[in-house]
Amino acid sequence: MADRIDRIEVRTVSVPLPTPVAWSNVEVSEREYVLVWIRTADGCHGLGFTVGSRFRGGAAVITAAIENALSPVILGRDPAEIARLWEEMAFETLLLGARGAVARGLSAVDIALWDLLAKRAGLRLCDLLGRYRLRVPAYASGGYYYHDDPDRDLENLEEEARRHVALGFRGIKIKIGRLPIRDDLRRVERVLDVVGPEVKVAVDANHAWADASSAIRDLRYLDDLGLWWIEEPVLPDRMRASARIAAELTTPVATGEIEAGLASFQRLMDMDAAGILQPDATVVGGITEWVKIAHAAEAQDVVLAPHWVPDIHVHLGAATPNVEVLEYFHAGVGVLNFESLLEERLRFDNGELVVPSYPGHGIRLDLEAVERFEVD
């Protein structure tokens, strides 16, 4: 039948970064992506994707989860029953893990189902979800550590910040946590001087601190600078520590980029562990779970700043009033090089990302690039 899932195709690519980068405790030179096509018998298809681990081969675990655990659940089924299929896939993989590779595989499949549904309806994804706007504010994510020499890194950081402001960004984010706090303070103060008071500045620690006490001690040096937020000061599982930090600092704490599932985000909110949540549709369980998290956050007056991959989050932000801003990586900056696989980039205009006009999520892959970067 035309409205039944006929085939599921999974491909993995590894895309080198133009320049290796580092943050608090990690160095990265390439990124893996898992691509999923869900096809029906009449030739329609939906595209989903997720991000692999930061080391070569991690995406193979996600691929195995899709091919061996998730695909058998949905083959031959009606692709419009997204909520039912999500529920059954989550139940089938319950003992394999509610976060990590399985959740990322589920996310990719779910995104493909939503893309297929929107294409069949002839609608953009944001219109299918119930559009709130067509343009969503975005900030420039960057400020990585590129060199072992702090002075040289500081020059690069200043030049990058100037470039982002010239492009029209009204918010930027830089990394902290790799250097002693006084050196990181110098980085933050230099950026604040460069961009001026009209541009918001957030900092991302990538869980640089092991506990709340040490994080609070160091972050007090930054707390009176008027920062937008401090992101992931501790590991995501350390919710009590995050709550202590949030209670001690005046700067909002942001977290959630690695979390999966509504229950985890509900715990973050119940514990007042973050003032800003950062769900990632390619991580949390796809669009189905992301929307639940967004509604729960809105009910508790919590704003969202979705993590990564703006190509899918531009639609979710366009349909969600409590999305404050989207993360965006300008060409050549940072670790998100997904755009190397695309025929065209999202349009950035005067501080905002514009929703594409194509049906579905509008992500159009450059298949030659996919073949060039594909790995077994």
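Everything that follows concerns the structure shown earlier in this document.
Residues numbered from 1 in each chain as written. Predicted model: local features only at pLDDT ≥ 70, side-chain atom pairs only at ≥ 80, totals over all residues. Heavy atoms only, no water.

Could you clarify how one ought to interpret the overall build of the chain in this entry?
Looking only at helices and strands, the chain has twelve helices and 14 strands in total. Taken over C-alpha atoms, the radius of gyration comes to 20 Å for the chain, in line with the 21 Å a tight globule of 376 residues would show. Oriented by its inertia axes, the alpha-carbon framework of the chain measures out at about 65 × 40 × 40 Å. Within the chain, the fraction of its 376 residues that count as buried is 58%. A fraction of 72% describes how many contacts in the chain between residues 6 or more apart in sequence connect residues 24 or more apart. (Helix = DSSP H or I, 4+ residues; strand = E, 2+ residues; numbered from the N terminus. Rg over C-alpha atoms; globule rule 2.2 N^0.38 Å. Buried < 20%, exposed > 50% of the residue type's maximum accessible area, 1.4 Å probe, protein only. Contact = heavy atoms within 4.5 Å.)

What is the right way to read the packing of aromatic side chains from this model?
What describes a pair of aromatic rings is the distance from one ring centre to the other and the angle between the planes of the rings. Per the stated rule, a full pass over the model turns up ten aromatic pairs. An angle of 25° between the planes, with centres 4.7 Å apart, marks the rings of Phe49 and Phe338 as stacked. Separated by 289 residues along the polypeptide, Phe49 in strand 3 (residues 45-51) and Phe338 in the loop between strand 11 (326-328) and strand 12 (347-349) bring together distant segments of the chain. Each of the two residues, Phe49 as well as Phe338, counts as buried. One aromatic cluster in this structure is built from Tyr33, Phe49 and Phe338. Between the NZ or CZ atom of Lys292 and the centre of the ring of Trp86, over which it lies, the distance is 4.8 Å. (Phe/Tyr/Trp six-rings, centres within 6.5 Å; stacked < 30°, edge-to-face > 60°. Lys NZ or Arg CZ within 6 Å of the ring centre and 35° of its normal.)

Teacher, can you tell me more about the pattern of salt bridges here?
Side chains bearing opposite charge may pair, as long as their charged atoms lie close to each other. All told, the structure shown has 30 salt bridges when counted by the stated rule. A salt bridge links Glu81 to Arg84, with the nearest nitrogen and oxygen atoms 3.9 Å apart. A relative accessible area of 46% means that Arg84 is categorised as partly exposed. Glu158 is the salt-bridge partner of Arg190, the closest N and O atoms lying 2.8 Å from each other. Here Glu158 lies in helix 5 (residues 150-167) and Arg190 lies in helix 6 (residues 181-195), a separation of 32 residues in the sequence. Looking at Arg190, the relative accessible area reads 29%, which means it is partly exposed. Here the residues in one salt-bridge network are Lys173, Lys175, Asp204, Glu231 and Glu327, joined through shared partners. (Salt bridge = Lys/Arg side-chain N within 4 Å of Asp/Glu carboxyl O.)

I'm lost on helix 7 (residues 212-219) in this one. Help?
Given 3.6 residues per helical turn, the α-helix brings residues three or four places apart onto the same face. Most of helix 7 is tucked away: six of the eight residues are buried. All buried positions along helix 7 are accounted for by Ala212, Ser214, Ala215, Ile216, Asp218 and Leu219. Packing partners of the buried residues in helix 7 comprise helix 6, strand 7 (230-231) and helix 8 (239-248). The opening residue of helix 7, the one whose side-chain oxygen lies 3.2 Å from the backbone nitrogen of Ser213, is Asp211. (Polar contact = N/O pair within 3.5 Å; in protein donor to acceptor, adjacent residues only side chain to side chain.)

For this particular structure, what's the right way to read the nonpolar core?
The nonpolar side chains of a soluble globular protein tend to be buried, and buried together. By size, the foremost hydrophobic cluster in this structure holds 117 residues, and its most contacted members are Ile38 and Phe338. No other element matches the nine residues that strand 1 (residues 5-23) contributes to this core. Judged by nonpolar contacts, the second largest core, of eight residues, contains Ala202, Ala254, Ile276 and Ala305. (Core = buried A, V, L, I, M, F, W, Y, C linked by side-chain atoms within 4.5 Å.)

Can you walk me through helix 8 in this structure?
Every buried residue of helix 8 is listed here: Met239, Ala241, Ser242, Ala243 and Ile245. Of the surrounding secondary structure, the elements contacted by the buried residues of helix 8 are helix 7, strand 8 (253-255) and helix 9 (262-270).

What is the right way to look at unusual backbone geometry in this model?
Leave glycine aside and you will find that most residues have negative phi; peptide bonds, for their part, are mostly trans. Phi angles above zero are rare outside glycine, and Val309 is one such case at about 25°. Relative to the helices and strands, Val309 is located in the loop between strand 10 (303-304) and helix 11 (310-318). Owing to a relative accessible area of 1%, Val309 belongs among the buried residues under this scheme. With a phi close to 50°, Asn350 is a non-glycine residue in the positive phi region.

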